[in-house]
Amino acid sequence: MLRRQFTGVLGAASLFRPAFAADPLKVGFVYIGPVGDFGWTYQHDVARKAAADHYGDKIRTTFVENVADGPDSEKVMNDLANSGHKLIFATSFGYMNYVVNSARKHPAVFYEHATGYKRGANISDYNIRFYQGRYVQGVIAGKLSKAGLAGYVGSVPVPEVIQGVNAFMLGMQSVNPKARMKVVLINAWYDPPKEADAAKALIDQGCDIITQHTDSPAPLQAAAGRGIKGFGQSTDMAKFASGSQLSASIDNWAPYYIRRIGDVLEGSWKSTDTWGGFDSGMLAMAPFANMPEDVAALADATIAGIKSGKNRIFAGPIEDQSGAVKVADGKAMDDDALFHMQWLARGVDGKLT
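Quantities reported herein were computed from a predicted structural model and do not represent experimental measurements. (Residues numbered from 1 in each chain as written. Predicted model: local features only at pLDDT ≥ 70, side-chain atom pairs only at ≥ 80, totals over all residues. Heavy atoms only, no water.)

Asker: Even after reading the chapter, I still don't get the sheet that holds strand β3 (residues 87-90), so can you show me in this structure?
Answerer: Within a beta sheet, neighbouring strands are joined by backbone hydrogen bonds and run either parallel or antiparallel to one another. Within the open sheet, the 6 strands sit side by side as β2-β1-β3-β4-β5-β11. Their pairing is parallel. Since the sheet does not close on itself, it has two edges, and those belong to β2 (59-64) and β11 (273-276), each with one partner. Strand-to-strand twist across the sheet, computed as the mean angle between neighbouring axes with direction ignored, equals 15 degrees. Inspection of the sheet shows β3 paired to strand β4 (residues 110-114) by 4 bridges, in the parallel sense. Along β4, the bridge assignment pairs Phe 89 with Glu 112. The strands touched by helix α1 (residues 40-55) are β1 (25-30), β2, β4 and β5 (123-128); relative to β2, the strand with the most contacts, the crossing angle is about 165 degrees. (Pairing = 2+ DSSP bridges. Helix = DSSP H or I, 4+ residues; strand = E, 2+ residues; numbered from the N terminus. Axes fitted to C-alpha atoms, helices over the stretch in contact; angles between N-to-C directions. Contact = heavy atoms within 4.5 Å.)

Asker: Teacher, can you tell me more about the packing of helix α4 (residues 130-144) against helix α9 (residues 293-308) here?
Answerer: Each pair of packed helices can be described by the angle between their axes along with the distance between the axes. Where α4 contacts α9, the axes come no closer than 10 Å and their chain directions differ by 150 degrees. Judged on the interaxial angle alone, α9 and α4 are roughly antiparallel. Crossing angle aside, the handedness with which α4 passes α9 is right-handed. Here α4 contributes Gln 132, Tyr 135, Val 136, Val 139, Ile 140, Lys 143 and Leu 144 to the contact with α9, which in turn contributes Val 295, Leu 298, Ala 299, Thr 302, Ile 303 and Ile 306. Within the contact of α4 with α9, the residues separate by chemical class into 10 nonpolar, 2 polar and 1 charged. (Parallel < 35°, antiparallel > 145°, perpendicular 65-115°, else oblique. Left-handed = near helix turned anticlockwise from the far one by under 90°. Nonpolar A, V, L, I, M, F, W, Y, C, P; charged D, E, K, R; others polar.)

Asker: Please explain the nonpolar core as it appears in this structure.
Answerer: As a rule of thumb, nonpolar side chains are buried together in soluble globular proteins. Within the largest apolar cluster, 88 residues are counted, with the highest numbers of intra-cluster contacts made by Phe 89, Tyr 111, Met 181, Trp 253, Tyr 257, Ile 261 and Phe 314. Among the elements that make up this core, the one with the highest residue count is helix α5 (residues 159-175) (8 residues). Not counting residues up to four positions away in its chain, the partners in contact with Phe 89 are Val 27, Gly 28, Phe 29, Val 30, Glu 112, Tyr 126, Tyr 256, Tyr 257, Arg 260 and Ile 261. (Core = buried A, V, L, I, M, F, W, Y, C linked by side-chain atoms within 4.5 Å. Buried < 20%, exposed > 50% of the residue type's maximum accessible area, 1.4 Å probe, protein only.)

Asker: Help me out: how do you make sense of the pattern of salt bridges in this one?
Answerer: Two side chains with opposite charge may pair up if their charged atoms get near one another. Tallying each qualifying case throughout the model produces 10 salt bridges. For Lys 75, the salt bridge is made with Asp 79, and the minimal N-O distance between the two is 3.1 Å. Pair noted here: Lys 75 and Asp 79 are both in helix α2 (residues 71-82), with a separation of 4 residues, about one helical turn. Here Lys 75 falls in the partly exposed class, since its relative accessible area comes to 44%. Judged by its relative accessible area of 27%, Asp 79 is partly exposed. Bridged by salt links that share partners, the residues Asp 45, Arg 48 and Lys 49 form one connected network. (Salt bridge = Lys/Arg side-chain N within 4 Å of Asp/Glu carboxyl O.)

Now the structure itself:
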């Protein structure tokens, strides 16, 4: 059985208890990993706490951690809904179909699904353009890698992860056309031993910079142990490897959570589709460290180009591993194409299966 932790009481309220306007709004959060992963789930919980501080006694939050993708997640969401939670944030792509099922059973409850794409009258989805940060990381790696070879510790082959792999590769190639990257997928979001082993295997194969799309600091720590520079994931992980972290993509969920909770409190919640990046403030980079000033300046300029729309990242010509043209010269991938990405760019050594 998976360990779960509730910060609120999930027992059913008395049927005879009257509802007063002053009653706090109960908001539930469903997490794929532990709040102590210091990555993905940790950052969502930072945002939950920020929302709780913002609204004070107007809301009461509950989180359930270590909820695996699968039927168990639907049971957790149903439990939250049945215990009076009127807004539920489900924070893993793999929850998507279970969010839909639970939402159909509880039409008076509002559901927010992170990184998904299925919506309904009471379902919104929200996401961050993580690939923008990966591109910036790639630019830095392209300037700093002496071998011209980076290592990428990936989780599972969903489009969100594939976008990041390809964006990192394109960023490297923008400053070093001969750059290459090796990818290892561990088929899990959070598994520190596997994450560390993958990083070490990549270093053994000649990669002199490590990045990750997994949820613990283990890859960065493994890189630090081998004297290799790397990037953190979801949150600033510098405290785990201060001499090795170059930067980290930081997921800033707090403004979104605060806004959407406010919509429910005001009675103005509507189903929406949000995908924000650097320009919206949903994505940021940790301070640039352990690199020359000119590389940090280039990274800042790259962010500015992405914010302005001048740098669209997935603009052609782009070829896949086989040399087939995936994006023609003068064209750029739209959001629908990005959401369905299932190929790896030229220069990437790895497989999706």
